[in-house]
Amino acid sequence: MHLSHNEENSFSLTRFESMLKTNDVLFFDSSEFENIVHYYLENGKIALAKKAVKLGLSQHPSSINLRLLKVEILVFEDKLDLAENLLDEIFDLESSNEEIYIQKANILSKKDQHSDAIAMLKLALDITMDEADVYSLIGMEYLFLEDFENAKKNFMKCLEADEEDYSALYNIMYCFDFLEQTQEAIDYLNSFLDRNPYSEVGWHQLGKQYFDLRNYKKALAAFDFAIISDDYFIGAYLEKGKVLEKMGRYNEAIENYKITLDLDDPTSFAYLRIGKCYEKLGLEELALKNYRQTVHEDPLLDKGWIAITDFFYKKGNYRKALYYINKAINIDGENVLYWKRYARINNKLQQLEEAERGYRKSLELGNYELDTWIKRCDILIDLGEYEAALQNLLQAVEFYPETAEVEYRMAGLYFMLQKAEQGYYHLNSGLKLDFEYYIIIEELFPSIFARKSVKDKIKTHLNSCS
């Protein structure tokens, strides 16, 4: 009975691992060792790969391929000097082996010498039987150099050599996107699809380009062709669902998202989009059910928690909204989107200390939007914390100098803190920047606005402008 290639590999692996357990020494031919090492490297089992190489070279010390695999492991472990020395030895024995140049390029790349790596790979290109692989490696080196035009050209050559190399196609699209060459990308994909009309990945990528251009009719057609080419292509159903949403065809979008749930393990993204569609259709119970399923599937997906929180917030059920945003914060306390909602909800509930805490935490996490500084300031004013409110604005003015909303508040706070000179200074600044915003003084500091000197200052400015 003859074994298939996969069965032979499996048999070799079983014998090898049995040998390691029993300490018996069994003989394998060099190709068996090569397959064993490749298997372990592909599965990230470096320690076992090293053992296989060591045993392989003890039985086949002249094997060039096993030595090259040893080089590959040394490079992976960043033992670059040892790898280079071994490569030099191999080069003296077999200078026409393309893998030598590829590994030399790999070492140069690790040293950030990407231009030299490209030169080395071009030498490999002259002798290789697998041009697609080498063009792909050259493309990656150009990506490291952020030379997207040359990267794109080499990935295109890779795809010409192997039209089923979809990683090359994805890289080409990445380059087009980075270079903002949307129409060029569409032209390229149409040319590719003329040669490969049943390429589901090609149609999928074309659909995404049309989607970005908001040409939803063409995007929908492209995703339909992707599904015709492969009716198990989950990505195409998801993208088609997104297009149908944009077109307001929510029931059809739901159908496509549900197909993905049947084809493979359910995804939180699909449940989220289904929930959004049901909410737009006014089917609130079904929307809520899918939002809850979203956070059940992936508790780390912030969009799920935000959707369910916003659902209750929009209904005016602030207690429920607060319950869910607290659950989200317990899972990820460093998410600024959660803290901003926490602040806004507590503000609605008149829980001012907690609202202030939410805005303060948002600022600590790097959310420096003017709105965040202003809202925290106003809450501190309501709490009578004038000094803290002023300190908050002194930080804000570093990011938003000469901003009327900030200047009027600073004026009011300085007056409240009995620092009239600074109060008048910032009042003048505010009036110069935007006269109409003086209403901030009236709303936030009515006792200050009632002062004759303040009213006279505003009146004088108004007269000078008229």
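This section reports on the structure supplied with the text.

Cut-offs applied
Residues numbered from 1 in each chain as written. Predicted model: local features only at pLDDT ≥ 70, side-chain atom pairs only at ≥ 80, totals over all residues. Heavy atoms only, no water. Helix = DSSP H or I, 4+ residues; strand = E, 2+ residues; numbered from the N terminus. Buried < 20%, exposed > 50% of the residue type's maximum accessible area, 1.4 Å probe, protein only. Contact = heavy atoms within 4.5 Å. Lys, Arg positive; Asp, Glu negative; His and termini not counted. Charge placed at Lys NZ, Arg CZ, Asp CG, Glu CD. Salt bridge = Lys/Arg side-chain N within 4 Å of Asp/Glu carboxyl O. Phe/Tyr/Trp six-rings, centres within 6.5 Å; stacked < 30°, edge-to-face > 60°. 1 Å grid on protein atoms, 1.4 Å probe; cavity = no way out; pocket = protein on both sides within 12 Å on 5 of 7 lines; lining within 4 Å. Points joined across faces, edges and corners; volume = space filled by probe spheres on them. Nonpolar A, V, L, I, M, F, W, Y, C, P; charged D, E, K, R; others polar. Disulfide = S-S within 2.5 Å. Patch = residues over 30% accessible without salt bridge, like charges linked within 9 Å, V, L, I, M, F, W, Y side chains within 5 Å. Areas by Shrake-Rupley, 256 points an atom, 1.4 Å probe, with all protein chains shown as cover. Core = buried A, V, L, I, M, F, W, Y, C linked by side-chain atoms within 4.5 Å.

1. Points about the overall build of the protein chain
Part 1 of the argument: The number of helices and strands found in the protein chain is 28 helices and zero strands.
Part 2 of the argument: Counting only C-alpha atoms and orienting by the principal axes, one finds that the protein chain spans roughly 100 × 55 × 50 Å.
Part 3 of the argument: Here the protein chain, with 466 residues, has 45% of them falling under the buried criterion.
Part 4 of the argument: Taking all contacts inside the protein chain whose residues are at least 6 apart in sequence as the whole, residues at least 24 apart take part in 48%.
Part 5 of the argument: Within the protein chain, one finds 54 positive and 80 negative side-chain charges whose respective centroids are separated by 10 Å.

2. So, the pattern of salt bridges
Part 1 of the argument: Scanning all chains against the criterion turns up 18 salt bridges.
Part 2 of the argument: Note that lysine 242 is salt-bridged to glutamate 239, the shortest N-O span being 3.4 Å. Taken together, the residues lysine 242 and glutamate 239, both in helix H14 (residues 234-246) and three residues apart, mark about one turn of the helix.
Part 3 of the argument: Between glutamate 245 and lysine 280 there is a salt bridge whose closest N-O contact spans 3.6 Å.

3. Here we look at the packing of aromatic side chains
Part 1 of the argument: On inspection of all chains with the given rule, the structure shows 18 aromatic pairs.
Part 2 of the argument: Aromatic side chains phenylalanine 148 and phenylalanine 178 sit 3.8 Å apart centroid to centroid with 25° between the ring planes, which places their arrangement in the stacked category. Separated by 30 residues along the polypeptide, phenylalanine 148 in helix H9 (residues 148-161) and phenylalanine 178 in helix H10 (residues 166-178) bring together distant segments of the chain.
Part 3 of the argument: For phenylalanine 148, a relative accessible area of 8% corresponds to the buried category.
Part 4 of the argument: Owing to a relative accessible area of 47%, phenylalanine 178 belongs among the partly exposed residues under this scheme.
Part 5 of the argument: When the centroid spacing of 5.6 Å and the interplanar angle of 5° are considered together, the rings of phenylalanine 312 and tyrosine 324 count as stacked. Residue phenylalanine 312 is located in helix H18 (residues 302-314), and its partner tyrosine 324 is located in helix H19 (residues 318-331); the two are separated by twelve residues in the primary sequence. There is no split in this pair, since phenylalanine 312 and tyrosine 324 are both buried.
Part 6 of the argument: By the ring-pair criterion, three or more aromatic residues cluster together here, those being Tyr291, Phe311, Phe312, Tyr323 and Tyr324.

4. Focus on the layout of surface pockets
Part 1 of the argument: A volume near 340 Å³ is recorded for the largest pocket.
Part 2 of the argument: Taken together, 16 residues make up the lining of the largest pocket; nearest its centre are Ile102, Asn106, Leu121, Asp133 and Leu137.
Part 3 of the argument: Taken together, the elements giving at least two residues each to the lining of the largest pocket come down to helix H6 (98-110) and helix H8 (131-144).
Part 4 of the argument: The biggest single contributor to the lining of the largest pocket is H6, with seven residues.
Part 5 of the argument: Class assignment of the residues belonging to the lining of the largest pocket gives a composition of six nonpolar, five polar and five charged.

5. With respect to the state of the cysteines
Part 1 of the argument: Enumeration according to the criterion identifies zero disulfides in this entry.
Part 2 of the argument: A disulfide-free cysteine, cysteine 175 has its sulfur positioned 12 Å from the sulfur of cysteine 158, the nearest such atom.
Part 3 of the argument: Note on cysteine 175: relative accessible area 0%, which makes it buried.

6. What about the environment of asparagine 290?
Part 1 of the argument: Residue placement: asparagine 290 occurs in helix H17 (residues 284-297).
Part 2 of the argument: Sequence-distant contacts of asparagine 290, defined by excluding residues within four places in its chain, comprise Tyr271, Ile274, Gly275 and Tyr278.

7. Brief notes about a nonpolar patch on the surface
Part 1 of the argument: Nonpolar side chains collect at one region of the surface, where Leu281, Leu283 and Leu286 lie side by side and expose about 210 Å² of accessible area between them.
Part 2 of the argument: Its place among the elements puts leucine 283 in the loop between helix H16 (268-280) and H17.
Part 3 of the argument: The class of leucine 283 is partly exposed, set by a relative accessible area of 38%.

8. Looking at the nonpolar core
Part 1 of the argument: Leu169, Ile172, Met173, Tyr188 and Leu206 are the most contacted members of the largest nonpolar core, which totals 84 residues.
Part 2 of the argument: With sequence-adjacent residues up to four places away left out, leucine 169 is seen in contact with Leu159, Tyr188, Leu189, Phe192, Val201 and Gly202.
Part 3 of the argument: One finds Leu370, Tyr408, Ile440 and Ile441 within the second-largest nonpolar core, a separate group that totals 25 residues.

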